[in-house]
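These are the residues of each chain, in order.
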Amino acid sequence: MSFHGFFQPAAEGLRGVVEVPGDKSISHRSILFGAVSEGSVVVNGFLRSADTLATVDAVRALGVSVESPESGCVVVHGGGWEGLREPEDVIDVRNAGTLMRLLPGLVAASPFLTVLTGDESIRRRPMSRVLRPLEAMGARVWGRARNSLPPVGIIGGSLHACEHHLPVASAQVKSCLLLAGLRASGVTVVVEPGVSRDHTERLLLSGGARIQRIAEVGGSVRITVEPLEALSLSEITVPGDFSSAAFLIVAALIIPGSALTVEKVGLNPTRTGLLAVLERMGAHLSVSSYDSLAPEPTGAVHAEHRALSATDVTPEEVPLLIDELPVWALAAAKASGTSRLRGAGELRVKESDRLAAVAEVLRALGVRVTEYDDGLDIVGRPEGWTGGAIRAHGDHRLAMVGATAGLASSEGVHVDDVACIDVSFPGFAGTMDLLSSPEGDR
Ligand code: S3P
């Protein structure tokens, strides 16, 4: 049970069958792409969270009408590229990094000024990785600290295609450039050093875009996009967010007595790298797919408690579980042996410096951790931890790591900020309470 940020041990384990709220990445994209689609787009299963509501407000500021974002079924009345209007004020993305990175691509060919800012964490996020390539394509861009930090400004222009080589695999940067590529003259190419989530490609393809992905020797991926006169999306179904399900899955694995199933969850292989890593650790998992041919594969994941052993997460794997690494670290903390994570320097520029923040959380639980520039060594404690007080640094995923650590502890964990959990998983505490209440109380 949870109370005012205090998460008590789940003495009987977590048991039951649940669903998690809609996928955050796909919800953002549904609103943004719906805004420039021709005609109305119905979005089923939309995640109604702090982050995605910032995206609804952003497209409204650009002149697009959005109906009923207070429910799980939202209608975006897209007016095509020409339907976008100059916002009257600065757009505040709040804590939404995906909005901050994708919106500049959406407006890169619109001949007006768009200015974006966000909360304290957003104003520390590197932006030159999107502003520089957009400038090379013909947009005019500004940003604090020599075009590297928000607030940022964009005046759209007539765009020409470029070939972009990304230094790190990033779905946000790739998506921004693909959006701009839809409005450029010629074929835009984005080459990523590894595989990142491909929701943008899948959604744009379903709306008529011509996009190709070619895997290259050495692990890089070459994505090409042709200009598109009109995007035509009509209905989008958002699956449950695998990144939210990850907290339930790891909780079940590390808390004795647990056996739970998460249904209707997204199983896009560019998102589920955590499952392969956990299986290497000896996890008791089973996955059933509903329809692998749908634009976004979905299914159910069943997880049961079992002793875990340490594993190493390699740099190539990192983009496939980038948002799950904080909760993976908690699984590693309960495993026997030393787990190593490398090639994860990007975690330092997320909602918080997640390498430093995760190390701090684990140390507060009494786990031995060594921090590197790009990773962590975690010495597992299969005997578990008593509890402690944890700082979330305003980061929703860190707060949920702390909460999960509390459920797995013997005396409970206090998390200083639980309000931030609403950024991605509204109802998290209620779901955990439901799963941890004894059978008869459900
Ligand atoms: C996201 C991509 C990832 C991820 C973020 C959401 C997206 O960021 O960490 O939470 O929706 O495209 P990067 O593109 O910076 O890796």
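This is a predicted model, so every value here is computed, not measured. Residue numbering note: each chain is counted from 1, following its sequence as written. In view of the model being predicted, local features appear only for residues whose pLDDT reaches at least 70, and side-chain atom pairs are presented and counted only at 80 or more, with totals across whole chains, interfaces and linings using the full set of residues. In computing side-chain properties, one takes all heavy atoms of the structure into account and sets aside hydrogens as well as water.

**Student:** Explain the sheet that holds strand 9 (residues 140-143) residue by residue, including any values.
**Tutor:** Neighbouring strands of a sheet are bound in pairs by backbone hydrogen bonds; such pairs are parallel or else antiparallel. Any two strands between which DSSP finds at least two bridges are classified as paired. Helix and strand assignments come from DSSP, with helices taken as H or I runs of at least 4 residues and strands as E runs of at least 2, each series counted from the N terminus. Strand order in the open sheet formed by 4 strands is 7-8-10-9, and the pairing between neighbours is mixed. For this open sheet the edge positions go to strand 7 (91-92) and strand 9, each flanked by a neighbour on one side alone. Relative to strand 8 (residues 113-117), strand 7 runs parallel, the two being bridged by 2 bridges. Residue pairing across strands places Asp 92 opposite Thr 117, the latter belonging to strand 8.

**Student:** Pulling in residues and values, what's your account of the sheet that holds strand 14 (residues 221-225)?
**Tutor:** What the 4 strands build is an open sheet, ordered 11-12-14-13; its pairing is mixed. The open sheet has two edge strands, strand 11 (163-165) and strand 13 (211-215), and neither has a second partner. Sheet twist, expressed as the mean angle between neighbouring strand axes with direction ignored, is 15 degrees. Pairing geometry for strand 13 and strand 14, over 5 bridges, is antiparallel. Paired with Arg 213 across the bridge in strand 14 is Ile 223. Think of each axis as a best-fit line through the C-alpha atoms, taken over the contacting stretch in the case of a helix, with angles from 0 to 180 degrees between the N-to-C directions.

**Student:** With reference to specific residues and values, describe the site of the ligand.
**Tutor:** A cutoff of 4 Å decides nearness: a residue is near a molecule or strand if any of its heavy atoms lies inside that distance of it. All residues adjacent to the ligand are Ser 25, Arg 29, Thr 98, Arg 101, Ser 170, Ala 171, Gln 172, Arg 197, Ile 322, Asp 323 and Lys 350. Within 3.5 Å is the distance limit for a polar contact, defined as a pair of N or O atoms, with the added protein rule that one can donate a hydrogen and the other accept it, and that residues adjacent in sequence qualify only through two side-chain atoms. Arg 29 is positioned such that a nitrogen or oxygen atom in its side chain is 2.6 Å from an oxygen atom of the ligand. In the model, an oxygen atom of the ligand is placed 3.2 Å from a nitrogen or oxygen of the Thr 98 side chain. Per-residue and other accessible areas follow the Shrake-Rupley method at a 1.4 Å probe size, with only the shown protein chains counted as cover for residues. Alone, the ligand offers 390 Å² of accessible surface; in the complex the protein occludes 94% of this. Every definition here rests on a 1 Å grid over the protein atoms only: cavities are sets of points where a 1.4 Å probe fits but cannot get out, pockets are open sets enclosed by protein on both sides within 12 Å along at least five of seven lines, and lining residues have some atom within 4 Å of a point. To be counted as sitting in a cavity or pocket, a molecule needs more than half of its atoms within 2 Å of that site's grid points. Put simply, the ligand lies in the largest pocket. Counting only elements with at least two residues in the shell around the ligand, the list comes to helix 1 (24-36), helix 3 (97-106) and helix 6 (171-181). Split by residue class, the shell around the ligand holds 2 nonpolar, 4 polar and 5 charged. When we break the shell around the ligand down by domain, the ones giving at least three residues each are domain 1 (5-22 + 239-436) and domain 2 (24-236). Gly is put with the polar residues, along with every residue not named as nonpolar or charged; the nonpolar set is Ala, Val, Leu, Ile, Met, Phe, Trp, Tyr, Cys and Pro, and the charged set is Asp, Glu, Lys and Arg. Throughout the structure description, domain borders are defined by an automatic or database domain assignment.

Geometric descriptors of this kind do not, in isolation, establish any biological role.
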